[in-house]
Amino acid sequence: TDITEYKDIQTKILYKNLKKFSETGKIMFGMANPTTIRYQNGPKNDDLEQSDCKDITGSHPAFHESDFMWYEEDTVFKKYDIEAMKRAYKRGAVCGYCWHMRGMYSNEFYAKKDGRFTNDKNLVKNIIATNDRKTNKALDWYLTKMDTEVIPVFKELGFPIVFRPLHEMNGNWFWWGTDNCTPQEYIRLFRLTIDYLRKKGIT
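Bear in mind that the values here come from a model prediction, so they are computed numbers and not experimental data. (Residues numbered from 1 in each chain as written. Predicted model: local features only at pLDDT ≥ 70, side-chain atom pairs only at ≥ 80, totals over all residues. Heavy atoms only, no water.)

A. Just the overall build of the protein, in detail. Scanning the protein for helices and strands turns up seven helices and six strands. Secondary structure elements of the protein, listed N to C terminal, follow the sequence α-β-α-β-α-α-β-β-β-α-α-β-α. A globule of 203 residues ought to have a C-alpha radius of gyration of about 17 Å, and the protein, at 18 Å, matches this closely. Here the protein, with 203 residues, has 42% of them falling under the buried criterion. Taking contacts inside the protein between residues at least 6 apart in sequence as the whole, the part at least 24 apart equals 64%. For the protein, the computed accessible surface area is about 11800 Å², with 54% contributed by carbon and sulfur atoms. (Helix = DSSP H or I, 4+ residues; strand = E, 2+ residues; numbered from the N terminus. Rg over C-alpha atoms; globule rule 2.2 N^0.38 Å. Buried < 20%, exposed > 50% of the residue type's maximum accessible area, 1.4 Å probe, protein only. Contact = heavy atoms within 4.5 Å. Areas by Shrake-Rupley, 256 points an atom, 1.4 Å probe, with all protein chains shown as cover.)

B. The pairing of strand 3 (residues 94–98), seen in detail. The buried fraction of strand 3 amounts to five of the five residues, a majority that puts the element mostly inside the structure. Side-chain alternation along strand 3 places Val94, Gly96 and Cys98 on one buried face and Cys95 and Tyr97 on a second face that is also buried. With five bridges connecting them, strand 2 (residues 63–67) and strand 3 associate as parallel partners. Its bridge partner lying in strand 3, Phe63 is registered against Val94. As defined by bridge partners, strand 3 adjoins strand 6 (residues 162–164) across three bridges and the pair is classed as parallel. (Pairing = 2+ DSSP bridges.)

C. Molecular detail of the nonpolar core. Phe68, Tyr97, Ile127, Tyr142, Trp175 and Leu197 are the most contacted members of the largest nonpolar core, which totals 45 residues. Among the secondary structure elements, those contributing two or more residues to this core are helix 3 (68–73), helix 4 (75–90), strand 3, helix 5 (123–127), helix 6 (137–157) and helix 7 (183–199). When residues of this core are assigned to their parent elements, the largest contribution, 11 residues, is made by helix 6. For Phe68, the contacting residues outside a window of four places in its chain are Tyr97, Cys98, Trp99, Glu149, Val150, Val153, Phe154 and Phe163. (Core = buried A, V, L, I, M, F, W, Y, C linked by side-chain atoms within 4.5 Å.)

D. Highlighting the side chain of Asp120. Tracing the backbone through its elements, the reader meets Asp120 in the loop between strand 5 (116–117) and helix 5. Buried charged residue Asp120 carries no salt bridge. Nearest counter-charge: Arg102, at 9.4 Å. A polar contact of 2.4 Å, which involves the side chain of Asp120, links it to the side chain of Ser106. (Lys, Arg positive; Asp, Glu negative; His and termini not counted. Salt bridge = Lys/Arg side-chain N within 4 Å of Asp/Glu carboxyl O. Polar contact = N/O pair within 3.5 Å; in protein donor to acceptor, adjacent residues only side chain to side chain.)

E. Quick look at the environment of Lys12. With respect to the secondary-structure elements, Lys12 resides in helix 1 (residues 3–24). Sequence separation between Lys12 and Thr75 is 63 residues; the distance between their C-alpha atoms is 32 Å.

F. Structural context of the layout of surface pockets. Each pocket or cavity is described by its volume, and for the largest pocket that value is around 690 Å³. As for the largest pocket, its lining consists of 22 residues, and the residues nearest its centre are Thr11, Ile161, Phe163, Ile202 and Thr203. With six residues, the single largest contributor to the lining of the largest pocket is helix 1. Across the lining of the largest pocket, the residue classes tally to 13 nonpolar, five polar and four charged. The space that makes up the second largest pocket amounts to roughly 230 Å³. Residue lining of the second largest pocket: 13 residues in total, with Ile13, Leu14, Asn17, Tyr89 and Val94 positioned closest to the centre. The set of elements that each furnish at least two residues to the lining of the second largest pocket consists of helix 1 and strand 3. Tallying contributions element by element places helix 1 first for the lining of the second largest pocket, with six residues. Here the lining of the second largest pocket is composed, by residue class, of 10 nonpolar, three polar and no charged. (1 Å grid on protein atoms, 1.4 Å probe; cavity = no way out; pocket = protein on both sides within 12 Å on 5 of 7 lines; lining within 4 Å. Points joined across faces, edges and corners; volume = space filled by probe spheres on them. Nonpolar A, V, L, I, M, F, W, Y, C, P; charged D, E, K, R; others polar.)

G. Representation of helix 4. Taking 1.5 Å per residue, 16 residues should reach 22 Å; helix 4 reaches 23 Å between its end C-alpha atoms and fits that length. Every buried residue belonging to helix 4 is among Phe77, Tyr80, Asp81, Ile82, Ala84, Met85 and Ala88, and all of these are buried. The N-cap residue of helix 4 is Asp74: its side-chain oxygen and the backbone nitrogen of Val76 are 3.0 Å apart. Where helix 4 terminates, the next one or two residues include Gly92, which has phi positive at roughly 105°. (Expected span 1.5 Å × (residues − 1).)

H. A look at the packing of helix 4 against helix 6. Packing of helix 4 against helix 6 leaves a shortest axis separation of 10 Å and a crossing angle of 40°. Taken together, the axis directions place helix 4 and helix 6 in an arrangement best described as oblique. As for the relative orientation of helix 4 and helix 6, their crossing is right-handed in sense. Between helix 4 and helix 6, the contacting residues are Lys78, Ile82, Met85 and Lys86 on the first element and Val153, Glu156 and Leu157 on the second. (Axes fitted to C-alpha atoms, helices over the stretch in contact; angles between N-to-C directions. Parallel < 35°, antiparallel > 145°, perpendicular 65-115°, else oblique. Left-handed = near helix turned anticlockwise from the far one by under 90°.)

See the structure below:
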């Protein structure tokens, strides 16, 4: 069995177990960055074996989620947060990522700043306008972000993760939310994202 088939099997097992959890009514408790961002020690903790959850309950959460936003801002944090994810997976945790992606024009992930829409009001529409990366600057920007910030991390981790791109889409607070695009436009952007990941070998 080659490594790709092995990863596919791991992914299927994760999916099957998550489905089983939902059918039996069991709950997995999760936290964002439990072993790398702690309340007591400030925003960045370098003790990867401890977490606020473990301090209180005696064990780490079952679901560990990080955010690509942190990686854009701090390469040192990125390095030990990725190590924390690897350790969490070895302990049996389910790992995941969301992404508070800052917009192309405003560098903000929220739809509004100071009560006004940012310059990314039409960013979703611009990204999906055409499939030609050479002429569509917004599409090229978006796929370049995937190429440089998401795909390398997935490949380095090498194990199944839960990815929540473009999250909380039915709210109006992000540039990909309901104030800035229609459900159909959002679906097209989400489909584009998944298709591109698969094209790049993320299964």
